[in-house]
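Understanding the architecture of this molecule
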Amino acid sequence: MTQESKPQAIKTLHYFSGITLSLFIGIHLINHLYSFAGPEAHIALMEKFRKVYRHPVVESILFLVVLIQVVSGVKLLFNRNAKTVAEKIQIYTGLYLSVFLIGHVGAVIEARLVEDLDTNFYYTVAGLNMNPATWFFIPYYFLDVCAISLHVASIHYLKTKSKKGAYLIGGTGILAAALIIAGYTNFFHWRETPPKERAFIEKYFGKGY
Ligand code: HEM
Ligand code: HEM
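Overview of the site of ligand 1
Surrounding ligand 1, one finds 22 residues, the nearest of these being His14, Gln69, His151, Ile155 and Lys159. Between ligand 1 and Lys11 there is a distance of 3.4 Å, counted from an oxygen atom to a side-chain nitrogen or oxygen. Note that a nitrogen atom of ligand 1 is positioned 3.1 Å from one of the side-chain N or O atoms of Gln69. Elements with a minimum of two residues in the shell around ligand 1: helix H1 (5-33), helix H3 (56-79), helix H4 (85-113) and helix H6 (133-160). Within the shell around ligand 1, the residues separate by chemical class into 10 nonpolar, nine polar and three charged.

This is how it looks when you write it as structure tokens:
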């Protein structure tokens, strides 16, 4: 492989793993939007989705794709001399996504394997509703959903030069981010956290009020 074709190969890898990961992100975010419908409806939908993404083969591919996305994305950063606003958005959202994805997938695996927690509706509720953890988790999840949609919006703009399309993708993502936070916090009227998830958050963030 020549020096010039190497970045192109990484870009192609990032592109195809990005498409694969987006399929999961789509169902994942729909499931999070179900927080509006309350715990029973959210968990019922999650159990249907889990039959697919928790299948050992699918789950292994999913974890591999997350790793490929982060490693190839970080490699692409070094080839990118960002000049325009769209290119800068692509870089900074990519950076945030790499930090988020490593932290997020690591935290979910740790909760499942070490803490023996079911990472369901109440796992997210705990972080988003308990003080002081909520000060960390609201921006953490909100910015993640904004980052993924702005990453895609900037790609759309760079490929098509359509500002309208890019604003629509970015705007829809920011709205979805706000709705997910509103759903999990019951519009900031706060949701009750069960004892097991409460103890888990208190272990890392201390006892708040
Ligand atoms: C969460 C999942 C992600 C998805 C779905 C995604 C998707 C994509 C897609 C489809 C492209 C366009 C590739 C092309 O032009 O053909 C792209 C470009 C790019 N992504 Fe990501 N990406 C994600 C995460 C990341 C991460 C974690 C980074 C790390 C910093 C990153 C950095 C970049 C960079 C620098 C480019 C520009 C490549 C170039 O044109 O030189 N992305 N991304
Ligand atoms: C770029 C966006 C995101 C990506 C790529 C992502 C990725 C992942 C992955 C790969 C898993 C592991 C799935 C498995 O259990 O096999 C996961 C699980 C999980 N994520 Fe995310 N996530 C994203 C956004 C979010 C957000 C915004 C939240 C919270 C509002 C969240 C909450 C959860 C929860 C609770 C689980 C456990 C699901 C389960 O046990 O079935 N994720 N995520």
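From this point, things continue past the structure.
Considerations on the coordination of the iron atom of ligand 1
Bound to the iron atom of ligand 1 on the protein side are His14 (NE2) and His151 (NE2), at distances that span 2.0 to 2.1 Å. Each of the six donor atoms bound to the iron atom of ligand 1 contributes to angles spanning 88 to 179°, and the resulting shape is octahedral. With His14 in helix H1 and His151 in helix H6, this pair connects stretches of sequence that are 137 residues apart. Residues His14 and His151 agree in their burial class; the two are buried.

So, the site of ligand 2
With respect to spatial proximity, 25 residues lie near ligand 2, and among them His28, Tyr53, Glu59, His104 and Thr119 are the closest. Taking Tyr53, its side chain carries an N or O atom lying 2.5 Å from an oxygen atom of ligand 2. Interatomic distance of 2.4 Å between a side-chain N/O atom of Glu59 and an oxygen atom of ligand 2. When residues of the shell around ligand 2 are assigned to their parent elements, the largest contribution, six residues, is made by H4. Here the residues of the shell around ligand 2 sort into 15 nonpolar, five polar and five charged.

Things to note about the coordination of the iron atom of ligand 2
Protein coordination at the iron atom of ligand 2 comes from His28 (NE2) and His104 (NE2), with a distance range of 2.0 to 2.1 Å. By relative accessible area, His28 is classed as partly exposed at 22%.

Thresholds, definitions, all that
Residues numbered from 1 in each chain as written. Chains lettered and ligands numbered in written order. Predicted model: local features only at pLDDT ≥ 70, side-chain atom pairs only at ≥ 80, totals over all residues. Heavy atoms only, no water. Near = heavy atom within 4 Å. Polar contact = N/O pair within 3.5 Å; in protein donor to acceptor, adjacent residues only side chain to side chain. Helix = DSSP H or I, 4+ residues; strand = E, 2+ residues; numbered from the N terminus. Nonpolar A, V, L, I, M, F, W, Y, C, P; charged D, E, K, R; others polar. Donors = N, O, S within 2.8 Å, 3.2 Å for Na, K, Ca; no water. Tetrahedral: all angles 85-135°; square planar, octahedral: opposite > 155°, others 65-115°. Buried < 20%, exposed > 50% of the residue type's maximum accessible area, 1.4 Å probe, protein only.

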